[in-house]
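# Structure at a glance
Single-letter residue listing:
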Amino acid sequence: MLSIALAGKPNAGKSTFYTAATMAEVDVANYPFTTIDANRGVSYARTDCPCLERDERCNADNCEDGKRYVPIELLDVAGLVPGAHEGKGLGNQFLDELTNADVIINVVDASGGTNEKGEPVDIGEHDPLEDIDFVEEEMDLWLADIVDRNWESVERKSRSPDFDIDDALADMLSGFGASPKQIATVLRELDYPEDPIQWEDDHREALARDIRQRTKPIVVAANKIDVAPAENVEKLLDLDKPVIPTTAEGELALRRAADNGLVEYDPGDETIEIGDDGSDAQREALEGLAETMADWDGTGVQAALNFAVYDLLDHLTAYPVEDASKWSDGSGNILPDAFLLPDGSTPVDLAYAVHSDIGDGYLHAVDAKSGRDVGEEYELEEGDVIKIVSTAS
Ligand SMILES: Nc1nc2c(ncn2[C@@H]2O[C@H](COP(=O)(O)OP(=O)(O)O)[C@@H](O)[C@H]2O)c(=O)[nH]1
Ligand SMILES: [Mg+2]
């Protein structure tokens, strides 16, 4: 499953985001280091279900009237502070947790109501711009440290006659979630000596930065838009990086209200319908939230998850079926499964995502929308419904 980690300062709203996005209860409190261990939960990317192209909506568990929710893993990593790579705060432990992630959501308190250590200050007192770069810097420095620490061993290996620097670096960096292909791409673009003994600090830092950028892309969640001065949010949106305005607390309130029947809301909706039940205070709070959502196109929580999956990681959703005309599995369930695959994936990749046996026994595939056979080289598109014919099925 794709894995998204929430990073950022203490009190930026990571645990609230996590709780809302997974609807699991974790400690949410207004002091640093509430989250000691990384929490791991299931959240969802939202996309248009292919059943929207049919007369009837499908009966899949993760489809809500054509809004399709595809499972992803979400990690709530405890707060980072500047200097974390040197062990400040709970430092390296948190950075290590990020290793498991495919993509990072950097949760920033856009209200300026927490200082650089994550301690509460008056709204607007802290400049949230300062919180953007440090997460990247900490990750880069941390990885540079790892490269440094392992360099002696690379030098030692270089004395062997069949030494290959690309292989040695791939070995060292594989633990960071970097694939051999990613490492090869980075090395191709980097100017560096073949002999590890000739490498300077600059070479190692550039390698660490490039590997980090490629393996851990980051989207910023400009959080607390419900209380943030608008100019703060605008300033963050003007940056030359992906930024999504969010209110994690708003999303959490909405999901709870929807659970209690006070409001019509599916995660990622940009508008809500407030019902007549509930107290005056509850309705007033929901109306306030509706205004914030109107200003920023929703609560942004689903938008941030979607941006991570579909934009930063460039994935698509594909739906394997057994019956190409009914779009169903063997038991008649319509569009029972959805898989997130990297852009450029083929029906063979989808077959392997379903099961390695299905992949090994792959014979051919049918595009269920057109009813036509598709070749092994066919590049899947978002929303494709594919029947895979395999010796194993
Ligand atoms: N106003 C507002 N407060 C929020 C929002 N998200 C989180 N908070 C509050 O910020 C504080 C810290 O949140 P928490 O999720 O524990 O932060 P973490 O340390 O990053 O995990 C709590 O009091 C939350 O209720 C938001 O979108 N708006
Ligand atoms: Mg927390």
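The name given to the protein in an unreviewed UniProt entry is Translation-associated GTPase, and the organism recorded there is Natrialba aegyptia DSM 13077. Taken verbatim from the UniProt record of the protein, the Sequence similarities (unreviewed entry) comment is "Belongs to the RelA/SpoT family."

What follows covers a negative patch on the surface. On the surface, a cluster of negative charge is contributed by Asp311, Asp314, Asp343, Glu376, Glu377 and Glu379. Within the element layout of this structure, Asp311 appears in helix 10 (residues 301-312). Residue class for Asp311 comes out partly exposed when judged on its relative accessible area of 47%.

Turning our attention to helix 11 (residues 347-354). Every buried residue of helix 11 is listed here: Pro347, Val348, Leu350 and Ala351. All buried residues of helix 11 fall inside an arc of 160° around its axis, so they share one side. Looking at the buried residues of helix 11, the elements they touch are strand 10 (315-321), strand 11 (339-342), helix 12 (356-360), strand 12 (362-367), strand 13 (372-374) and strand 14 (384-390).

Position of Gly344 relative to the elements: it lies in the loop between strand 11 and helix 11. Sequence separation between Gly344 and Ile4 is 340 residues; the distance between their C-alpha atoms is 21 Å. Beyond its immediate chain neighbours, meaning those up to four positions away, Gly344 contacts Asp349 and Glu379.

With that settled, the discussion passes to the site of ligand 1. Near ligand 1 lie 18 residues; those nearest to it are Asn11, Lys14, Thr16, Asp226 and Glu249. At a separation of 2.8 Å, an oxygen atom of ligand 1 approaches a polar backbone atom of Ser15. Measuring from a nitrogen atom of ligand 1, one finds a side-chain N or O atom of Asn223 at 3.2 Å. For ligand 1, the protein covers 87% of the area, taking 580 Å² as the surface of the free molecule. Contributing elements (two or more residues each) for the shell around ligand 1: helix 1 (14-22) and helix 8 (248-259). Looking at the shell around ligand 1 residue by residue, the classes come out as six nonpolar, seven polar and five charged.

Cut-offs used in this document
Residues numbered from 1 in each chain as written. Chains lettered and ligands numbered in written order. Predicted model: local features only at pLDDT ≥ 70, side-chain atom pairs only at ≥ 80, totals over all residues. Heavy atoms only, no water. UniProt positions renumbered as here; feature names shortened; annotations may be inferred. Patch = residues over 30% accessible without salt bridge, like charges linked within 9 Å, V, L, I, M, F, W, Y side chains within 5 Å. Areas by Shrake-Rupley, 256 points an atom, 1.4 Å probe, with all protein chains shown as cover. Salt bridge = Lys/Arg side-chain N within 4 Å of Asp/Glu carboxyl O. Lys, Arg positive; Asp, Glu negative; His and termini not counted. Charge placed at Lys NZ, Arg CZ, Asp CG, Glu CD. Helix = DSSP H or I, 4+ residues; strand = E, 2+ residues; numbered from the N terminus. Buried < 20%, exposed > 50% of the residue type's maximum accessible area, 1.4 Å probe, protein only. Arc of directions from axis to C-beta. Contact = heavy atoms within 4.5 Å. Near = heavy atom within 4 Å. Polar contact = N/O pair within 3.5 Å; in protein donor to acceptor, adjacent residues only side chain to side chain. Nonpolar A, V, L, I, M, F, W, Y, C, P; charged D, E, K, R; others polar.

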